[in-house]
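Commentary on secondary and tertiary structure
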Amino acid sequence: MALTFHWFLPTQGDGRGIVGGGHGVDVDSAWRDREPTTRYLAQVARAAEQLGFEGVLTPTGAWCEDAWLSTAMLVEATERLKFLVAFRPGLISPTLAAQMAATFQRLSGGRLLLNVVTGGEGAEQRAHGDFLGKEARYARTDEFLQVVRRLWAGDTVDFSGRHLAVEGARLHRLPDPRPPLYFGGSSETALRVAAERVDTYLTWGEPPAAVADKIDRVAALAAKRGRTLEYGIRLHVITRDTSREAWAEAERLLANIDDATVQTVQSGLSASESEGQRLMRELHGGRRDRLEVYPNLWAGIGLVRGGAGTALVGSHSEVADLIEEYHRRGLTEFVLSGYPHLEEAYWFGEGVLPILRDRGLWSPPGDLPTQAAAVPFVASAGAPAPTSSAS
């Protein structure tokens, strides 16, 4: 099966260093040189579109701009690009969420994908008025998705669950097509919800064997329910013409981050309720001397950033090789990012995607030409422009 690639919208801000944020980490734990203005986000989105990415993941949380509003403002700035909008079921009614998705799908011409985020940080959930514990949040997510999927199917829904209830709920207009549902989580409860309710299961960037084991577990649970899923992975990427250049860039990203900052971030992440976050932290153990956790898989991002903490690092061919290895383990979708997001999209799009195309693993989406046109770079205030489209 052909691979699908998504990029990332840095609605928390962007820069030439690692921008922290999420899972209890302050967004300014590293640095942020480019504000998430509509103009800058539109640049990133247009670059991703013209380079051949299928869509862009837009995060959710108190540390970034709202995903629904940000992406809605970018629909007219793009033509084909899809928006993988992250949202939290506990903060909105299922009927309203189903209606919002249907509206987005209709007005965007079918360009909505949805990333369901149950929420692994109790403190952040409580700040939003959600006081359920982690297990109860997953149970509520399960109920939420039951209601939403029935509404999208055109049902009039009466539902009374442990956490949610609706009466006579229906949609005046249905989404066409139904937005695909993406979902991540590493706990056993999360795997069960994925197997029962979603279309694509996402994992953070663990080594290939660990990813394969997780896929096997979800697939077995889904098979018991008569279902099959797609599988994807969330990673950062640092790819250059040579391996040496890529690793030098990885070292540069950490060069100006002192040990005190790393210790502060890791202390905050240690309080996370997320099983996936625990697995990310275990890859590096807070140490700088054990960051290549698998050939060309680097855990340095996770020293100062919550959430996805690993990066593919190497020459274009080496990165393509590791992607191909993940594909052999069962992955078909890759959600990638890099610092800065605009320039790194070019490095990957112009360096790695052609290799994967030549191997028969990827083809440009839609009627995108084989060689995408360059998107002029316009630096946001205070951000230096690169010397070329891929620097």
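The preceding data block contains the structure.
A quick note: this is a predicted structure, and the numbers were derived from the prediction, not measured.

What follows concerns the packing of aromatic side chains. This model, assessed by the stated rule, comprises nine aromatic pairs. Arranged with centres 6.5 Å apart and planes meeting at 65°, the rings of Phe83 and Phe104 form a pair that is edge-to-face. Of the two residues, Phe83 is situated in strand 3 (residues 82-87) and Phe104 in helix 3 (residues 94-108); the sequence distance between them amounts to 21 residues. Arranged with centres 5.9 Å apart and planes meeting at 50°, the rings of Phe87 and Phe144 form a pair that is tilted. Within this pair, whereas Phe87 is found in strand 3, its partner Phe144 is found in helix 5 (residues 134-152), the two being separated by 57 residues in sequence. Of the two residues, Phe87 and Phe144, neither departs from the other in class, the shared state being buried.

A separate point is the pairing of strand 3. In terms of burial, strand 3 is largely enclosed, as five of its six residues are buried. For strand 2 (residues 55-58) and strand 3, the ladder comprises four bridges, and the chain directions are parallel. Bridge pairing links Thr58 to Val85 in strand 3. A crossover links strand 2 with its parallel partner strand 3, the connecting element being helix 2 (residues 67-74), and its sense is right-handed. Pairing analysis gives five bridges linking strand 3 to strand 4 (residues 112-116), with the strands arranged parallel. Bridge pairing links Phe83 to Leu112 in strand 4.

Criteria and cut-off values
Residues numbered from 1 in each chain as written. Predicted model: local features only at pLDDT ≥ 70, side-chain atom pairs only at ≥ 80, totals over all residues. Heavy atoms only, no water. Phe/Tyr/Trp six-rings, centres within 6.5 Å; stacked < 30°, edge-to-face > 60°. Helix = DSSP H or I, 4+ residues; strand = E, 2+ residues; numbered from the N terminus. Buried < 20%, exposed > 50% of the residue type's maximum accessible area, 1.4 Å probe, protein only. Pairing = 2+ DSSP bridges. Right-handed = clockwise from strand over helix to strand, strands pointing away.

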